[in-house]
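Structural description and commentary
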Amino acid sequence: MHYRFESAATKGVGPVLNEALSVLVRNGDADTSASSSKPAKAAATYVKPRQADDRDPVVALREDIRAKLIYVLGKTPESARDRDWFAATALALRDRIVDACHEGQAGTVPDKRVYYLSLEFLIGRLLSDAMNNLGLVEATKQALRDLGVDLSEVEGAEPDAALGNGGLGRLAACFMESMASLSIPAIGYGIRYDHGIFRQSLEDGWQREAPETWLAEGNPWEFARQESTYKIGFGGHVTMTSHGDHHIRRHWHPAETVNAVAYDIPVVGWRGRHVNMLRLWKAESDAPVELARFNAGDHVGAVAGRARAEAISRVLYPSDSSAEGQELRLRQEYFFTSASLQDLVRRHIAERGSLRTLPDHAAIQLNDTHPAIAVPELMRILLEEHDFLWEDAWQITSNTLHYTNHTLLPEALETWPVELMERLLPRHMQIIYLINWLHLEEQSKNARGGAAHIAAVSLIDESHGRRVRMGPLAFHGSRRVNGVSALHSDLLKSTVFKDLHEIEPEKIVNKTNGITFRRWLHNANPELTALAVETVGKGVLDDPTELLKLVPYADDPEFRTRYAAMRKVRKKRLAQVIAERTGIAVDPTALFDVQIKRIHEYKRQLLNLVETVALYQAIKKAPNKDWTPRVKIFAGKAAPSYVQAKLIIKLAGDIAKVVNEDPDIGNKLKVVFLPNYSVSLAEVIIPAADLSEQISTAGMEASGTGNMKLALNGALTIGTLDGANIEIKDHVGAENIFIFGLDAEGVLARVDEPAYANKAIAASPRLAAALDAIGNGFFSPDEPRRFAPLIDELRHRDRYLTTVDFDDYWRVQREIDAAWRRPAQWWRTAILNTARMAWFSSDRSMREYAEEIWQVKLG
Ligand SMILES: *Cc1c(COP(=O)(O)O)cnc(C)c1O
């Protein structure tokens, strides 16, 4: 029986689904029938029922969901809202995850564990993940139907767990799912923010931010572990005591301590074989409410200390690819790093006794520099709390930690003022000084040891005031350092870490990012998944390389028709969402051209918008030409303090207003900005995309993962030779991707040429006309100079080489127009993209980390 195909019927696509099914189901092929009268049999192959639970899985789920609703939530089926049904369903499934966990792992100590430290986990919804990985999609659907409830409504009532900004946080979530699916024993550590990334709305086209309150009604997936609480210190002073002749011990006496309380979210892997924990820390004050002050009427003062402590896990910093530099941010970083290290040290001692063997049984991965304070913190724990000698402590630390770098942008490289570190973490600052002193001593001995070399490799930057450089600190304290695409890892060696790399040429390795296919193919695109299963067999659900068997079908006209029909279903669904959320009517037969990601100048949404304006002007000049109808779809959040990015959002809205209402244009061009980009919105947009815009300035996008999700779902990529685009090109074939613009080397050469933007504009009347229209207020007659800051930047500096790449981008876009008019060829290319993307599974990434960095066995 085709389990996945049936789950397609649960995804809440309603009437469009029936259309998909009628296209996908071949007459007489009973094996793929979507009728689900005996739905839950497959469940038996996934999770064994609890001991002594021999109920039918549907009956069991129905009874359990009902019991959770009544006895845990205190609701009656009559009064329950969708949100209540969601909580009851999640609780019933969580029981089954716990069963799977106990069955597989109870009482066993794994040889080696991975600890994944990340300040961000951009998880999204968990219900469909849990049902799918437990093999209970159809059973849950049936159980809810028996209770008079529609699963898709229940799924829609789950708030996104959006504890991240973008790619970095989403990567952490994909990695957690893949580690569970590969049975890699792992614990993820992060912060349980009350407020994740803000909710974005548009007010007259301007971004407005509102707090997202995902915990307002509790989180049914999590277990509160009050008993796993650690004290985290800040401030204070350091004392010295001498022990014998040569041994001086230092002790930190923090002025303030905050409690870190653990909350665990179980992460269940594919087919319920393995469960890992995501452990998120909540900050709680250890100071009681000052009752005397409270009784004296000082109600605010009585809780002020508590508020200060609890602020640490209140809110996620909403900036992406830039460093915050605020004290609260450093407090967050130290808070979660210290709690996580204390927790894993305690576990190691309980299981193994001595910390000497820590590197043999623990691999700690630092997701970017946010947890880089782990280097001095692990040293402090070893030196102060476990009496290790410096040399031994350093051996242990630098053999346990590993660091992933995520960006080369200078504004994203974290540094902290020495003065702030000395005030907030005085003991850590001493340890950093000593690490740096020993490191520079070593360097001064070798041939390169001149002053310039010493300054280049120092962990303290003395050129802009004295600041601790967190990237070099993480590099120096780690066993392996990795970039996240082949190009990015090479650039690490030749740019930011050039000097450190020359000292330790073996340290930097590449680990190209990946995405979990369970979420981004199976759950997000049940129609395509059903088509793949029907065509190449259900083994494709376990092994994505089976997708390669689709290659010959790219030349099969019947298969192409069905593939195109799958896309049509998804585009109709997206068109509905666009109509509901923006009021704009789009034609699902048009080319859906999608750019969805954080709004950032280096990602060049502005290049896309300038091309949109040029296209608009071209259509106006020749409205009767045979234009390829396009819908340009944008979505993404801007950091609240990022003025230019917010102006780019406003520009998209202003262009949309003019273009969409112009009767000469009609369906030839529509522009849509969908508000509040999130994981769940991505899951709706990606399967509906025909064209994927991956147009960053070459050398600036470390990897990208949106590019992978879209290509896997069969969107053709228009992209620069940047990040993982290069590897996508290698896999799908150069003839199946649209590449344009300067490469990374070309960018480096061009930025040294004087007045390159001026020259590019002078050479391109089309570009000049588009810039003039935007700069002169054609799209903003109410405020003609509104976009002058964007256009002036392009004319006078153009740090991201938008003007330089424009003409080539335009040329390739017109090639794409022509390609869309040859549907057989288009769908052939799309199918080849899907078929050849298996390598970008995060299972592959995690296998590589496990073998080459962590040296941990897959279960
Ligand atoms: C995948 C993903 C990203 C990363 O997208 P890029 O195009 O790689 O920047 C950001 N946000 C969400 C919600 C995602 O799902």
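Residues numbered from 1 in each chain as written. Predicted model: local features only at pLDDT ≥ 70, side-chain atom pairs only at ≥ 80, totals over all residues. Heavy atoms only, no water.

By the naming in an unreviewed UniProt entry, the protein chain goes by Alpha-1,4 glucan phosphorylase and is assigned to Methylorubrum salsuginis. For the record of the protein chain, the UniProt heading Sequence similarities (unreviewed entry) holds the text "Belongs to the glycogen phosphorylase family." We quote the UniProt Catalytic activity (unreviewed entry) comment for the protein chain here in full: "[(1->4)-alpha-D-glucosyl](n) + phosphate = [(1->4)-alpha-D-glucosyl](n-1) + alpha-D-glucose 1-phosphate". (UniProt positions renumbered as here; feature names shortened; annotations may be inferred.)

1. A closer look at the overall build of the protein chain
Helices and strands together make up the secondary structure of the protein chain, namely 35 helices and 24 strands. The C-alpha radius of gyration computed for the protein chain amounts to 28 Å, which stays within 12% of the reference 29 Å derived for 859 residues, consistent with globular compactness. Its C-alpha atoms put the protein chain at 90 × 75 × 60 Å along the principal axes. Looking at the protein chain as a whole, 62% of its 859 residues are labelled buried. Within the protein chain, residue pairs in contact and separated by at least 24 positions form 78% of the contacts whose partners lie at least 6 positions apart. By element, 52% of the accessible surface of the protein chain is carried by carbon and sulfur atoms, the whole surface being about 31,300 Å². Each charge class in the protein chain was averaged separately, 104 positive and 114 negative side chains, and the resulting centres sit 2 Å apart. (Helix = DSSP H or I, 4+ residues; strand = E, 2+ residues; numbered from the N terminus. Rg over C-alpha atoms; globule rule 2.2 N^0.38 Å. Buried < 20%, exposed > 50% of the residue type's maximum accessible area, 1.4 Å probe, protein only. Contact = heavy atoms within 4.5 Å. Areas by Shrake-Rupley, 256 points an atom, 1.4 Å probe, with all protein chains shown as cover. Lys, Arg positive; Asp, Glu negative; His and termini not counted. Charge placed at Lys NZ, Arg CZ, Asp CG, Glu CD.)

2. A word on empty space enclosed by the protein
Throughout the structure, instances matching the rule amount to 11 cavities of 30 Å³ or more. Of the voids in this model, the largest cavity is the one considered here, and its volume is about 790 Å³. Lining the largest cavity are 45 residues, and of these Gly 166, Gly 167, Leu 168, Asp 320 and Lys 603 lie nearest its centre. Elements supplying a minimum of two residues to the lining of the largest cavity: helix H8 (167–181), helix H26 (679–685) and helix H27 (706–712). The element best represented in the lining of the largest cavity is H8, accounting for 4 residues. Per-class residue counts for the lining of the largest cavity are 17 nonpolar, 16 polar and 12 charged. Put simply, the second largest cavity is a space of about 210 Å³. Along the walls of the second largest cavity sit 18 residues, with Ile 123, Leu 126, Asp 129, Pro 266 and Val 267 positioned nearest its centre. For the lining of the second largest cavity, the elements supplying multiple residues, two or more each, are strand E2 (121–124), helix H5 (127–134), H8 and strand E10 (256–268). When grouped by side-chain class, the residues that make up the lining of the second largest cavity number 13 nonpolar, 1 polar and 4 charged. (1 Å grid on protein atoms, 1.4 Å probe; cavity = no way out; pocket = protein on both sides within 12 Å on 5 of 7 lines; lining within 4 Å. Points joined across faces, edges and corners; volume = space filled by probe spheres on them. Nonpolar A, V, L, I, M, F, W, Y, C, P; charged D, E, K, R; others polar.)

3. A look at the packing of helix H13 (residues 374–385) against helix H16 (residues 426–445)
Where H13 contacts H16, the axes come no closer than 9 Å and their chain directions differ by 100°. As judged from the angle between their axes, H13 and H16 are roughly perpendicular. Residue-level contacts link Val 375, Pro 376, Glu 377, Met 379, Arg 380, Leu 383 and Glu 384 of H13 to Arg 427, His 428, Ile 431, Ile 432 and Ile 435 of H16. (Axes fitted to C-alpha atoms, helices over the stretch in contact; angles between N-to-C directions. Parallel < 35°, antiparallel > 145°, perpendicular 65-115°, else oblique.)

4. Describing a nonpolar patch on the surface
Taken together, the side chains of Val 289, Leu 291, Phe 294 and Val 303 define a hydrophobic patch exposed on the protein surface, amounting to about 310 Å² of accessible area. Locating Leu 291 in the fold gives a position in helix H9 (residues 291–295). Leu 291 sits in the exposed class, given a relative accessible area of 55%. (Patch = residues over 30% accessible without salt bridge, like charges linked within 9 Å, V, L, I, M, F, W, Y side chains within 5 Å. Salt bridge = Lys/Arg side-chain N within 4 Å of Asp/Glu carboxyl O.)

5. Some points on helix H6 (residues 137–146)
Burial runs high along H6: 8 of the 10 residues are buried. Looking only at H6, the buried set comprises Val 137, Glu 138, Ala 139, Thr 140, Lys 141, Gln 142, Ala 143 and Leu 144. Gly 148 occupies a position one or two residues after H6 and carries a positive phi of about 80°.

6. Some thoughts on the sheet that holds strand E23 (residues 716–719)
Taken together, 6 strands build an open sheet; the order of strands is E21-E20-E19-E22-E23-E24 and the sheet is parallel. The sheet terminates laterally at strand E21 (669–673) and strand E24 (738–739), the two strands that pair on one side only. Where strand E19 (residues 591–596) meets strand E20 (residues 630–635), 6 bridges bridge the pair, whose relative direction is parallel. Looking across to E20, one finds that Gln 595 is bridged to Phe 634. (Pairing = 2+ DSSP bridges.)

7. Re the site of the ligand
Taken together, 15 residues are adjacent to the ligand, and Lys 597, Lys 603, Thr 705, Gly 706 and Lys 709 come closest. Take Lys 597: an N or O atom from its side chain is 2.7 Å from an oxygen atom of the ligand. According to the grid-proximity analysis, the pocket containing the ligand is the largest cavity. (Near = heavy atom within 4 Å. Polar contact = N/O pair within 3.5 Å; in protein donor to acceptor, adjacent residues only side chain to side chain. Sits in = over half its atoms within 2 Å of the grid points.)

8. Remarks on the nonpolar core
Trp 221, Phe 335 and Trp 854 are the most contacted members of the largest nonpolar core, which has 265 residues in total. For this core, the element with the most residues is helix H24 (residues 605–621), which contributes 10 residues. In this structure, Leu 409, Ala 412, Tyr 602 and Met 700 belong to the second largest nonpolar core, which totals 5 residues. (Core = buried A, V, L, I, M, F, W, Y, C linked by side-chain atoms within 4.5 Å.)

9. Some thoughts on the UniProt feature "modified residue: N6-(pyridoxal phosphate)lysine" (unreviewed entry) in the protein chain
Per the UniProt record, the feature "modified residue: N6-(pyridoxal phosphate)lysine" (unreviewed entry) sits at Lys 709. Its place among the elements puts Lys 709 in helix H27. Residues in contact with Lys 709, not counting those within four places in the same chain, are Arg 170, Ile 515, Trp 520 and Ile 686.

10. With respect to helix H32 (residues 788–796)
Listing the buried residues of H32 in full gives Ala 788, Leu 790, Ile 791 and Leu 794. Buried residues of H32, seen end-on, are gathered within an arc of 160° and therefore sit on one face of the element. In this structure, the buried residues of H32 make contact with H24, helix H25 (643–660), helix H30 (756–762), helix H31 (765–775) and helix H33 (802–820). Asp 798 lies just past H32 and shows a positive phi near 55°. (Arc of directions from axis to C-beta.)

11. Comments concerning the pattern of salt bridges
If you walk through the whole model with that rule in mind, you get 75 salt bridges. In this structure, Asp 542 engages Arg 271 in a salt bridge whose closest nitrogen and oxygen atoms are separated by 2.9 Å. Of the two residues, Asp 542 is situated in the loop between helix H22 (526–536) and helix H23 (557–582) and Arg 271 in the loop between E10 and strand E11 (275–285); the sequence distance between them amounts to 271 residues. Taking relative accessible area as the criterion, Arg 271 reaches 17% and is therefore assigned buried. Salt-bridge contacts for Glu 753 lead to Arg 750; the nearest nitrogen and oxygen are separated by 3.9 Å. Using a relative accessible area of 37% as the deciding quantity, one classes Glu 753 as partly exposed. Salt bridges sharing partners connect three or more residues here, namely Asp 204, Lys 650, Asp 654, Asp 782, Glu 783 and Arg 786.

12. Focus on the packing of helix H11 (residues 327–352) against H13
Two quantities define a packed helix pair, namely the angle between the helix axes and the distance between the axes. Look at H11 against H13: their axes get within 10 Å of each other, and the N-to-C directions meet at 40°. Classed by the angle they form, the pair H11 and H13 counts as oblique. When the axes of H11 and H13 are compared, the crossing they make is right-handed. On H13, the residues that touch Tyr 334, Thr 337, Ser 338, Leu 341, Gln 342 and Val 345 of H11 are Ala 374, Glu 377, Leu 378, Arg 380 and Ile 381. The class makeup of the residues in the contact of H11 with H13 is 6 nonpolar, 3 polar and 2 charged. (Left-handed = near helix turned anticlockwise from the far one by under 90°.)

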